[in-house]
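Structural description and commentary
Each chain, letter by letter, is given below.
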Amino acid sequence: MDSSLIPDELHHASGEHEHDEEGNKMFGFIVFLLSESVIFLSFFAGYIIYKTTTPNWLPAGVSGLEIKEPAINTVILVASSFVIYLAERELQRHNLKGFRLYLLATMAMGSYFLLGQMIEWSHLEFGFTSGTFGGMFYLLTGFHGLHVLTGVLLQLMILVRSFIPGNYETSHYGVNATSLFWHFVDVIWIVLFLLIYVWQ
């Protein structure tokens, strides 16, 4: 190490190193989300192809899907993206109380969405083996639901970490990555909602 460096310079160099490391981790996380996007896009393409080429697309006895409750769930899930953004803002202001409150609200909204999906599944007149539509419906909504559950668990983890003294003083990578994942989940659901519920 260069002995001419003074403590302030060392601190500055250390800060730059941490910033670069955090940037690299975020870049890796974005690449991960892009790979997830490819998976969902392949599912979307498959759904469109099957829907436009399969005779008697809907299972026997099924005329369509109820859209009212899924639409309410969609509004709640999409609104939760704004709420988690507010949580990030509060953390940037070093307001842990506000951060925790907004994060809890986001978790509650995500959990409400999952509960609504479970209730919807329990009332459907078809199952996973009910033709191509049944298989695609449960595959798409189930795979997305798994991502919503993952997002809620990630939020729980960063909430717990907020009680560790000084944990978020220098780095917000975990919070920023979780928020980005949540926005991704919301955008994917908007596409799913349009494909499955609106385009019937």
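Above this text sits the structure in question.
A brief report on the enclosed structure follows. Per chain, residue numbering runs from 1 following the sequence as it is written. This being a predicted model, a pLDDT of at least 70 is required before a residue's local features are given, and a value of 80 or more before pairs of side-chain atoms are given or counted; all residues contribute to the totals for chains, interfaces and linings. Heavy atoms from the whole structure form the basis of all side-chain values; hydrogens and water molecules are not counted.

**Quick look at the overall build of the protein**
Secondary structure elements follow DSSP: runs of H or I of four or more residues count as helices, runs of E of two or more count as strands, with numbering from the N terminus. Looking only at helices and strands, the protein features 5 helices and 0 strands. The atom set for the radius of gyration is the C-alpha atoms, and the globule formula is 2.2 Å times the number of residues raised to the power 0.38. In terms of C-alpha radius of gyration, the protein reaches 21 Å, well past the compact-globule figure of 16 Å for 200 residues. The principal-axis extents of the C-alpha atoms in the protein amount to approximately 80 × 35 × 20 Å. The Shrake-Rupley method, run with a 1.4 Å probe, gives the accessible areas here. Residue values count only the displayed protein chains as cover. Total accessible area computed for the protein in this model is approximately 11,500 Å², and 67% of it derives from carbon and sulfur atoms. Charge assignment: positive for Lys and Arg, negative for Asp and Glu; neither His nor the chain ends contribute. Here the site of a charge means NZ on Lys, CZ on Arg, CG on Asp, or CD on Glu. A distance of 11 Å separates the average location of the 8 positive side-chain charges in the protein from that of its 17 negative side-chain charges.

**Some words on the nonpolar core**
In this description, a nonpolar core means a group of buried Ala, Val, Leu, Ile, Met, Phe, Trp, Tyr and Cys residues linked to one another through side-chain atoms lying within 4.5 Å. Accessibility here uses a 1.4 Å probe with only protein chains present; expressed as a share of the type maximum, an area under 20% marks a residue as buried, one over 50% as exposed, and anything in between as partly exposed. Counting 44 residues, the largest nonpolar core has Y47, L65, F99, F126, F137 and I196 as its most contacted members. Elements that contribute at least two residues to this core include exactly α1 (7–53), α2 (68–92), α3 (96–123), α4 (131–161) and α5 (173–198). Beyond its immediate chain neighbours, meaning those up to four positions away, F137 contacts L65, E120, W121, L124, F126, G142, I196 and Y197. Contacts: residue pairs with any heavy atoms within 4.5 Å of one another.

**So, α2**
Residues that lie three or four places apart on an α-helix share one face, since the helix turns once every 3.6 residues. Its 25 residues give α2 an end-to-end C-alpha distance of 37 Å, which sits within 8% of 36 Å, the value for a rise of 1.5 Å per residue. On its buried face, α2 is in contact with α3, α4 and α5. The first or second residue beyond α2 is H94, which carries a positive phi of 65 degrees. Expected span of a helix: the number of residues minus one, times 1.5 Å.

**Brief notes about empty space enclosed by the protein**
Cavities and pockets are defined on a 1 Å grid built over the protein atoms alone: a cavity is a set of grid points where a 1.4 Å probe fits but cannot escape, while a pocket is an open set with protein on both sides within 12 Å along at least five of seven lines, and lining residues are those with an atom within 4 Å of any such point. Grid points are joined across faces, edges and corners, and a volume is the space filled by probe spheres set on the points. Scanning the model with the defined rule gives 1 cavity of 30 Å³ or more in all. Space inside the largest cavity adds up to approximately 30 Å³. What lines the largest cavity is simply P70, N73, F113, Q117, E120, W189 and Y197. Looking at the lining of the largest cavity, the elements that each hand over two or more residues are α2, α3 and α5. Considering every element that reaches the lining of the largest cavity, the biggest residue donor is α3, with 3 residues. Of the residues belonging to the lining of the largest cavity, the class tally is 4 nonpolar, 2 polar and 1 charged. All residues other than Ala, Val, Leu, Ile, Met, Phe, Trp, Tyr, Cys, Pro, Asp, Glu, Lys and Arg, Gly among them, are scored as polar; the first ten of these are nonpolar and the last four charged.

Read these as spatial facts, not as claims about activity.
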